Amino acid sequence: MKIVLIGAYGKIGELVQKALAGAGHEIVKVGRKSGNFQVEIENRESVRKLYQALGSFDAVAIAAGEVAFAPLSELTAEKWEFSLGSKLMGQINLVQEAIPFINEKGSFTLVSGVLNEEPILAGVAGATVSGALEGFVRAAAIELAKGLRINVVNPTILKESKAHMGSFFPGVIPVEGWKVGQAYKRAILGAQTGRVYKVD
């Protein structure tokens, strides 16, 4: 299976690579500035050029996208635009632009986050984006043609990220990273669609 991994060099991207290692899959590593190919997910033209260069493939796994962390009173139009453009529309771009290129019965795996169900202070943008992504996945699942599947992984804070994110998530028990990698593996290789795979 040829799997396009967007955000291959971030924490989650590395966990996905480990989960899929040794199974004989071809993993095409894509980053913003590194990897086999580069892409700016906020830019549809950049995304389209990526898929044109790749040719056919069987799965797209996304471990990319950012949101602004700020109190509601400080969420400026620019911070909203950044959050919605990167983590929300960036992932939607990666799905929609792939449809002409992905093989039949291929799969998409997106990433949301725990904030839409477990809000934190300064997490309004993240909560909004995560909720929107999960709604997109559920709705897109009933419309995708060619037998395509789409799922989203919803991880809580990673044990590997606790050092710099812990102050945002007081008292939240972090999850071991390998569990997130396994959730991606299930989404990519399994049979279900329209699912939110929670890892907490």
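Residues numbered from 1 in each chain as written. Predicted model: local features only at pLDDT ≥ 70, side-chain atom pairs only at ≥ 80, totals over all residues. Heavy atoms only, no water.

Turning next to the packing of aromatic side chains. One pass over the full model with this rule turns up 2 aromatic pairs. Where Y51 meets F57, the ring centres are 5.3 Å apart and the plane angle is 25°; that geometry is what we call stacked. Given the relative accessible area of 0%, Y51 is considered buried. Linked through ring pairs, Y51, F57 and F101 together constitute an aromatic cluster. (Phe/Tyr/Trp six-rings, centres within 6.5 Å; stacked < 30°, edge-to-face > 60°. Buried < 20%, exposed > 50% of the residue type's maximum accessible area, 1.4 Å probe, protein only.)

What follows covers the layout of surface pockets. Over the atoms, a rolled probe matching the size of one water molecule traces out where space is still vacant. The computed volume of the largest pocket comes to approximately 1100 Å³. Lining the largest pocket are 39 residues, and of these I12, A63, G65, E66 and K87 lie nearest its centre. Within the residue set of the lining of the largest pocket, elements represented by two or more residues are α1 (11-20), β2 (26-31), α3 (77-96), α4 (124-141) and α5 (162-165). Of the residues contributing to the lining of the largest pocket, the split by class is 19 nonpolar, 14 polar and 6 charged. (1 Å grid on protein atoms, 1.4 Å probe; cavity = no way out; pocket = protein on both sides within 12 Å on 5 of 7 lines; lining within 4 Å. Points joined across faces, edges and corners; volume = space filled by probe spheres on them. Helix = DSSP H or I, 4+ residues; strand = E, 2+ residues; numbered from the N terminus. Nonpolar A, V, L, I, M, F, W, Y, C, P; charged D, E, K, R; others polar.)

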